[in-house]
Amino acid sequence: MPPQKPQVLPRSKSMVERLNLLYGAFHGDDKVLIVISADPDAIASALALKRLLWRKVSSVVIVRTNIIKRPDNLAMIRLLKLPLVHLNDVNPADFTRLAIVDSQPHHQDSLANLKFHVIIDHHPLGRHDAPFQDIRPNYGATSTMMTEYLRAAKINPNQNLASALFYGIKTDTNNFVRQGQLEDMRAFRFLFPRINQTMVSKIENSEFARTSLKYFQGAFNNVRFNKDTAFVYMGKVDNPDTLVMIADLFMRVHDVGRSICAGIVKDQLIVILRTVGRRRNAGRLASEAFGLFGNAGGHKGMARAEIPLSNLDPKLLDKEGALERFLRRRILKQEQVQKTGEDASANSPR
């Protein structure tokens, strides 16, 4: 049976109402599995949900679906003393409730056969039949949402949890350069007096591993600039996080307003997009350019596409340079479509 239309909590619900509905999704004897694709926002959000469920369920286990290689993520896990095991190392059938935060089941094929009961996320909405769904794409970070839940529950987060949530908001809004709004700033201000500033500084300063340097060298050698867009195809890389770091790095170049970094990770083509500017939308570009081939989408300022290589024409993989040309053509085509639509809208009679 196809998923029902998701019953997402309406914006009119107060945080106390949302909290009560969240608690109503669990029972005292539940064994809860929280699934994340581990990054700072996801880790912090999972810890916050675990704190909310303390003494309200039988047990809570947090698992990750990804391989963690980014130094800041590793530093965060080490400093928080978080025993984060991989989903493959547990049996989901041993748990009575499954929750996912800072992501949605359709983002990863490996989650397709799991039945989630709780989804809390700030990414654009997919179609799911989870009984409890709180999805707010207008928020800059899921950590903001979880901070609001803690405040509604009158829980004062300890230093570790406050620091994790604080850093989660910092990273997902890029210090409010990317999408963020008043709620993100309110959560940020609430958390700041409660954080361990030394811990946050150690996490922030753990940016690159030595093994990443070879990829940066390749990116500098192969990047192409077209007006204010930086585009680089990296070929095979060890981890999607490498592509994220490179895309973010080129956004720091003075006159770059959009950065696109793509590469092959195992059996997938990954495309990372970053943009700034009122008229640009990275999520829409990713969805329209690559949604036909795999999972694609995101926010206005940041997005990604994950395309199984089996969904692509084999000729793209056999001929040198073909895949890079394919990516550039898809992006250019959708840019032209969007520009035509904008011009038509601007010239239409009012």
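Nothing here was measured: the structure is a model prediction, and the numbers come from that model. (Residues numbered from 1 in each chain as written. Predicted model: local features only at pLDDT ≥ 70, side-chain atom pairs only at ≥ 80, totals over all residues. Heavy atoms only, no water.)

Chemist: What is the right way to look at the nonpolar core in this model?
Modeler: Here is a general trend for soluble globular proteins: nonpolar side chains tend to be buried in one another's company. Ranked by internal contacts, the top residues of the largest apolar core, which has 58 residues, are Leu22, Ile34, Ile36, Ile43, Leu52, Ile120 and Tyr149. Among the elements that line this core, the one with the most residues is helix 2 (residues 40-52), at eight residues. Setting aside chain neighbours within four positions, we find Leu22 in contact with Leu49, Leu52, Val118, Ile120, Phe132 and Tyr149. Ala262, Leu269, Phe293 and Ile331 belong to the second largest nonpolar core, which has 25 residues in total. (Core = buried A, V, L, I, M, F, W, Y, C linked by side-chain atoms within 4.5 Å. Buried < 20%, exposed > 50% of the residue type's maximum accessible area, 1.4 Å probe, protein only. Helix = DSSP H or I, 4+ residues; strand = E, 2+ residues; numbered from the N terminus. Contact = heavy atoms within 4.5 Å.)

Chemist: Whenever I open this one, the sheet that holds strand 6 (residues 132-135) confuses me. Can you help?
Modeler: Across a sheet, strands are paired by hydrogen bonds formed along the backbone, either parallel or antiparallel in direction. Strand order in the open sheet formed by six strands is 3-2-1-4-5-6, with parallel pairing between adjacent strands. Looking at which strands have only one partner, the edges of the open sheet turn out to be strand 3 (85-86) and strand 6. With two bridges connecting them, strand 2 (residues 59-64) and strand 3 associate as parallel partners. By the bridge assignment, Val63 is partnered in strand 3 with Val85. With respect to the sheet, helix 1 (residues 15-24) is in contact with strand 5 (118-121) and strand 6, its orientation differing from that of strand 6 by roughly 145 degrees. In the packing of helix 2 onto the sheet, the strands contacted are strand 1 (31-36), strand 2 and strand 4 (97-101), and the crossing angle to strand 1 comes to about 165 degrees. (Pairing = 2+ DSSP bridges. Axes fitted to C-alpha atoms, helices over the stretch in contact; angles between N-to-C directions.)

Functional significance is not addressed by these values, which are geometric in nature.
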